[in-house]
Amino acid sequence: MEAFIASSIILVILAVTFIIGVLAYKLRIKVLRVDTYMVAGRTLGFLVTFLNMAAVIYSGFAFLGASGWAYAFGAPVLYIWIYGALAYTFAFFFTPRIWGVAKGQGLLTQADFFMWRYGSKLLMVLTALVGITFNIPYGQLQILTTKYVLDLATYGVLPTLHVAVLSFILTMVYVFLGGMVSVAITNVFLGIIMLAAMLGGGLSLIAYYFGGLPGLFKAVEGVKPQHAYLWAAVGRNSVQWVITAAVGCGLGFWVWPQLAQIVFPAKDVKVLRRSIAMTSWYHVLGIIWASLTGLVALGIGMKLTVADHAFLALIRDTFGPVALGFIGAAGMAAALSSAAGIILTQAILLSRNIYQGCLKPAASEREVVLISRIGVVIFTLVSVILAYTAPAYIVYLLLVGYTGITQMFPGWVLGSICRWITKEGVLAGLVVGLIVGVLTCFVWPDYLGIHSIIWGLIFNLPITLLVSKLTYRGG
Amino acid sequence: MEGKRKVEKMFMAIATLIWVMLSAVLPLVNRPDVYVFGIPLLWFWVLLWVFVVPVVLSIAYYVLEVAP
């Protein structure tokens, strides 16, 4: 009975999401053009831009993973709090600039920017491929997160991987049909559910067991006093790791191509800045309280085999199946809303920058939209196949994902600010940064306790600047 | 326009201060023995500055985009 109640709530919310996604396509799209499919015709107002931003940014992994980190490691979870805060202060000043360029030049993707700014097809294709490749494990991860949610919410009654894949495919149906319009409008619904669950679930658990933060930390001190601070000289529990991870992720945050894809649809700069300010509220009201539930689980002595189950297991044991269904649906919403943004972005990079940009420049709008839709099917299938087979190398892609993507920072950010950054400089820096990033991910993992993102940038930035200085010819 | 640019630069300086407080200052507040309002100093410090961000950005949005 408990499994039936929780599963029903999740399935109802999934059905409503699907209906909204399809209706958004039916009601909002009169003529399906390239800019409608990719950036919603740059018409999105504040509420849709804000909640679309929040829903794409906060994935299922952030929803469940943050509490798992707090449960397993304690203070290192602070890096997640910090990098979000750093990223929003940066975005408030950076994204209006990039939005203005995109609007003025008719750019539809991040790789479009590289083509326009550097006049290099090679750089455009390379950045599109980096964006597609490093997002592959994130698409797959959203299916597995959905499975985690269902494992707990269905009390093991349903074949959870099959149901997770089915819900993923349903989401991709409306992505296929309506592109960014369907994704954005559906994300309004999902974003509200996620915030309500993170804030409501987190606060109520802390209040229920400890009456507030002082009580929570007192309990944690009794169980694991080292969770209160960063105690190690090197590694994840060291101060330098948390600082470099937070700064690195803060810099890399807005380099992910799907975030360019949620910035470009904003109607104007006012909408964009208001949305970023509000998403920073979303960060402090959502992710912080969700992650603290990991400490609640620790404080009450809960024994978990999978740390990422902390939030949902607490809800199940404390408030029963109705609350579990609702919070589980929110976890699934977080996973599916991010997956929608990721898959759409991969498909758009494929059609716009690889197909139209390289293979067939004269392709019509209709053809590019068709290729985008084929891309949605292809990347959906890739994610589903990987979810079933889950080869080991996907974990490596995931580990190196943030490090790899952040190596585009000089070309994307400095290139939009400094006139003298050249394509030769960006290419040289990108290649060296990727090599150093991979080495400090796998050969010497986070060498000296410094995150591999920062190692990559330490080599990437000076090379980009030096080669740019040497190759800049004015104009 | 010139005035708006000046105000924007002021908020950029505040944003830079937030970056410093949430990164370079962490080694100084990483103290297992100090608690503020029952919260470990490190957690309190991060919580404080992370909450400052939306407040500052909301004011910046109002001053830069609404008030003019």
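All values derive from a computational prediction rather than experimental measurement.

(A) The overall build of chain A, seen in detail. The helix and strand inventory of chain A stands at 19 helices and 0 strands. The C-alpha radius of gyration of chain A comes to 22 Å, within 12% of the 23 Å expected for a compact globule of 475 residues. For chain A, with 475 residues in total, the buried portion stands at 60%. Within chain A, counting contacts between residues at least 6 apart in sequence, those at least 24 apart form 82% of the total.

(B) Local environment of the overall build of chain B. Within chain B, the secondary structure is distributed over 3 helices and 2 strands. A compact globule built from 68 residues should have a C-alpha radius of gyration of about 11 Å, whereas chain B, at 15 Å, is more than 25% larger. Projecting the C-alpha coordinates of chain B onto the three principal axes gives extents of approximately 50 × 20 × 10 Å. Scored against the burial criterion, the 68 residues of chain B give a buried share of 26%.

(C) Representation of unusual backbone geometry. All names here are of chain A. Phi at Ala40 is positive, roughly 50 degrees, even though this residue is not glycine. Tracing the chain through its elements places Ala40 in the loop between α2 (34–39) and α3 (46–57). Even without a glycine there, the phi angle at Arg42 is positive, about 50 degrees. Within the fold, Arg42 resides in the loop between α2 and α3.

(D) How the structure looks around the domain arrangement of chain A. All names here are of chain A. Parsing chain A into structural domains produces domain 1 (2–390) and domain 2 (407–475). Taking only C-alpha atoms into account, the centre of domain 1 sits 27 Å from that of domain 2. Taken together, the contact pairs 25 residues of domain 1 with 17 residues of domain 2. Elements with a minimum of two residues in the side of domain 1 that touches domain 2: α5 (78–105), α6 (110–118), α7 (121–153) and α10 (239–252). At 9 residues, the largest contribution of residues to the side of domain 1 that touches domain 2 is made by α10. When grouped by side-chain class, the residues that make up the side of domain 1 that touches domain 2 number 14 nonpolar, 9 polar and 2 charged.

(E) Focus on the packing of helix α8 (residues 160–210) of chain A against helix α13 (residues 310–319) of chain A. Residues and elements named next belong to chain A. At a minimum axis separation of 11 Å, α8 and α13 run at an interaxial angle of 60 degrees. For the element pair α8 / α13, the angle class is oblique. Seen from above, α8 lies across α13 with left-handed handedness. Of the residues in α13, those touching α8 at Gly201, Leu205 and Tyr208 are Phe311, Leu314, Ile315 and Thr318. Along the lines of polarity and charge, the residues of the contact of α8 with α13 split into 5 nonpolar, 2 polar and no charged.

(F) Representation of the nonpolar core in the model. Residues Ile82, Met194, Val242, Ala246, Ala333 and Ile343 of chain A together with Val46 of chain B are the most contacted members of the largest nonpolar core, which totals 191 residues. When we break this core down by domain, the ones giving at least three residues each are domain 1 (2–390) and domain 2 (407–475) of chain A. The residues touching Met194 of chain A, leaving out its near neighbours within four places in the chain, are Ala55, Tyr58, Phe63, Gly286, Ala330, Ala333 and Ala334 of chain A.

(G) Focus on helix α18 (residues 423–443) of chain A. Taking 1.5 Å of rise per residue, the 21 residues of α18 of chain A would be expected to cover 30 Å, and the 29 Å separating its terminal C-alpha atoms lies within 8% of that figure. Every buried residue of α18 of chain A is listed here: Gly425, Val426, Gly429, Leu430, Gly433, Leu434, Val436, Gly437, Thr440 and Cys441 of chain A.

(H) Structural view of the interface of chain B and chain A. Each side of the interface is counted separately: chain B has 27 residues, and chain A has 31 residues. Going through the elements one at a time, α1 (2–21), α2 (26–29), β2 (39–40) and α3 (41–66) of chain B are the ones with two or more residues in the side of chain B that touches chain A. When residues of the side of chain B that touches chain A are assigned to their parent elements, the largest contribution, 12 residues, is made by α3 of chain B. Looking at side-chain class alone, the side of chain B that touches chain A contains 21 nonpolar, 4 polar and 2 charged residues.

(I) Summary view of the environment of Leu466 of chain A. All names here are of chain A. Tracing the backbone through its elements, the reader meets Leu466 in helix α19 (residues 452–471). The partly exposed category is assigned to Leu466, around which 13 C-beta atoms lie within 10 Å. The spacing of Leu466 and Ala428 is 38 residues in sequence and 9.9 Å in space, taken between C-alpha atoms.

Quick notes on the rules
Positions within a chain are numbered from 1, following the residues in the order the chain's sequence is written. To label them, take the chains in the order written and letter them from A, then take the ligands in the order written and number them from 1. Since the coordinates come from a predicted model, pLDDT governs what is reported: local features require at least 70, and pairs of side-chain atoms require 80 or more to be given and counted, while whole-chain, interface and lining totals use all residues. Put simply, DSSP H or I for four residues or longer makes a helix, DSSP E for two residues or longer makes a strand, and each gets a number counted from the N terminus. For the radius of gyration, the atoms used are the C-alpha atoms, and the globule rule reads 2.2 Å times the number of residues raised to 0.38. Three exposure classes are used. Buried residues have 20 or more other C-beta atoms within 10 Å of their own C-beta, exposed residues have 12 or fewer, and partly exposed residues fall in between, all C-beta atoms being placed from the backbone. We call two residues in contact whenever the C-beta atoms placed from their backbones are within 7 Å. An automatic or database domain assignment supplies the start and end points of every domain. Each residue is assigned to one of three groups, with Ala, Val, Leu, Ile, Met, Phe, Trp, Tyr, Cys and Pro labelled nonpolar, Asp, Glu, Lys and Arg labelled charged, and all others, Gly among them, labelled polar. A fitted line through C-alpha atoms serves as each axis, taken over the contacting stretch for helices, and the angle formed by two N-to-C directions is quoted from 0 to 180°. When an angle is under 35 degrees it counts as roughly parallel; over 145 it counts as roughly antiparallel; between 65 and 115 it counts as roughly perpendicular; any other value is oblique. Crossing handedness is read from the near helix: turned anticlockwise from the far helix by less than a right angle, it gives a left-handed crossing, and turned clockwise, a right-handed one. Here, a nonpolar core denotes buried Ala, Val, Leu, Ile, Met, Phe, Trp, Tyr and Cys residues that are linked to one another through C-beta atoms within 7 Å. For a helix, the expected span equals 1.5 Å multiplied by the number of residues minus one.

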